[in-house]
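Here is what each chain is made of, one letter per residue.
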Amino acid sequence: LPAYEAVIIDEVHMAFGNHKSQTFKAMLGYLKAHNPQCLWILTGTPFTATSWSVYSYGLLLGKAWKWHDWKREFFYDVRMGQRLIPQPKAGKEKHLQTIIRSLGTVIDLKDVADVVDDEDIIESFPLNAEQKRFIQENFDPLPIVRYTYQHELEQGVLKGNKFKESLSFPSPKDKRLLELVTDSHRVVVVCRYLDQLYKYEKLFTPLKRPIVSIHGQMKEVAGDAALRAENKHNVIVLIQSDTCTGYSLKSFDTMIFASMSYSFVNYDQMRSRIKAMEKKCGCQYIHLLTEGKSMDKAIYDCIQKKQDFLIGIYSAS
């Protein structure tokens, strides 16, 4: 690109919040080469999984921060086999907030619009006998496989492969999910797994209501599918959790997380699909979690700390 006087980087956390990515390096190289007179970086998610995003913003804005100093201040290492995996130190939130405010202006939605507080609800469910049996039968010595299987089975599904068929069976969440959807004229249901989304399509079909599905395998553009949903009455929207940008469902007030993304940024972006500056009411977010020492609970706890859920770290803890 030629030199420009002004550069605006929108949603900076998405592509440019990782100082190791090729996209970030290309942008940083451009800024250093052309030194634009004005530079704005914008994001609604300044804190992502770790403080590396903040470090990246500082580099884009010309801060001469050193990688090893930042790592020593905000991270400690966890050994996994032959590798050392950096993990964020606890209690650094206020320090990071101070750094963010030193970089620019932080605006809360409540400061610029009349909004009502959102409501977060957690409902917990036990495993049934069938889930327990399938979890035991599908035990795998490799943690990343074992825990992924367990998380799927907590939803009542298991993706098949060339050695075994896919599974889909009733889980304790299903009855409550059906009650919640029946009681709401316009509702969004979010789930991590595509097989889970297909299961819910069948579960909701007897209701004889419009169903709009948004996921990574669809041929339709997500924004077009969302627009169809916005124009329908008494509609149910099913979304795969990592398909979380490029559309708006601002007329919806209720979002049910039947299962969650491993990514904090994707979770935060998903919640924003039903937010809008002009909305005068709060949104309701319902989380359906498997009780006990479950993958649902582990992922939820991690995301609430504004961290990505990493199976490798979870299995080592």
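Residues numbered from 1 in each chain as written. Predicted model: local features only at pLDDT ≥ 70, side-chain atom pairs only at ≥ 80, totals over all residues. Heavy atoms only, no water.

The next point concerns the pairing of strand β12 (residues 284-290). β12 sits mainly inside the fold: six of its seven residues count as buried. Relative to β12, strand β5 (residues 119-125) runs parallel, the two sharing seven bridges. Across the sheet, Phe 125 pairs through a bridge with Thr 290, a residue of β12. Here four bridges tie strand β11 (residues 254-257) to β12, and the two strands are oriented parallel to one another. From the neighbouring strand, Phe 257 faces β12, where its bridge partner is His 287. Between β11 and its parallel partner β12, the chain crosses via helix α12 (residues 264-272), and the hand of that crossover is right-handed. (Buried < 20%, exposed > 50% of the residue type's maximum accessible area, 1.4 Å probe, protein only. Helix = DSSP H or I, 4+ residues; strand = E, 2+ residues; numbered from the N terminus. Pairing = 2+ DSSP bridges. Right-handed = clockwise from strand over helix to strand, strands pointing away.)

Once that is clear, we can look at the packing of helix α7 (residues 129-137) against helix α8 (residues 143-154). Two elements in contact, α7 and α8, have axes separated by 10 Å at closest approach and are oriented at 165°. Put simply, α7 runs roughly antiparallel to α8. For α7 against α8, the interelement crossing comes out right-handed. Each of Gln 131, Phe 134 and Ile 135 in α7 lies in contact with α8, whose residues at this interface are Gln 150, Leu 153 and Glu 154. Classifying every residue of the contact of α7 with α8 by side-chain character gives three nonpolar, two polar and one charged. (Axes fitted to C-alpha atoms, helices over the stretch in contact; angles between N-to-C directions. Parallel < 35°, antiparallel > 145°, perpendicular 65-115°, else oblique. Left-handed = near helix turned anticlockwise from the far one by under 90°. Contact = heavy atoms within 4.5 Å. Nonpolar A, V, L, I, M, F, W, Y, C, P; charged D, E, K, R; others polar.)

This part is about the side chain of His 19. Within the element layout of this structure, His 19 appears in the loop between α1 (12-16) and α2 (22-34). For His 19, a relative accessible area of 12% puts it in the buried group. What His 19 contacts, discounting residues up to four positions off in sequence, is Phe 24, Lys 25, Trp 52, Tyr 55, Ser 56, Leu 59 and Trp 67.

Another aspect to go through is helix α4 (residues 67-74). Among all positions of α4, only Trp 70, Lys 71 and Phe 74 are buried. Looking down the long axis of α4, one finds its buried residues gathered within 100° of arc, a one-sided arrangement. In this structure, the buried residues of α4 make contact with α3 (52-60), β3 (75-80), β4 (83-88) and α5 (93-103). (Arc of directions from axis to C-beta.)

Attention shifts here to the pairing of β11. In β11, alternate side chains face the same way, and those of Thr 254 and Ile 256 on one face and Met 255 and Phe 257 on the other are all buried. For strand β8 (residues 187-191) and β11, the ladder comprises three bridges, and the chain directions are parallel. Paired with Val 190 across the bridge in β11 is Phe 257.

So, about the sheet that holds β11. Across the sheet, which stays open at both edges, the six strands sit in the order β5-β12-β11-β8-β10-β9 with parallel pairing between neighbours. The sheet terminates laterally at β5 and β9 (211-214), the two strands that pair on one side only. On average, each strand axis in the sheet is inclined to that of its neighbour by 20°, with strand direction left out of account. The strands touched by helix α10 (residues 194-204) are β8, β9 and β10 (236-240); relative to β10, the strand with the most contacts, the crossing angle is about 165°.

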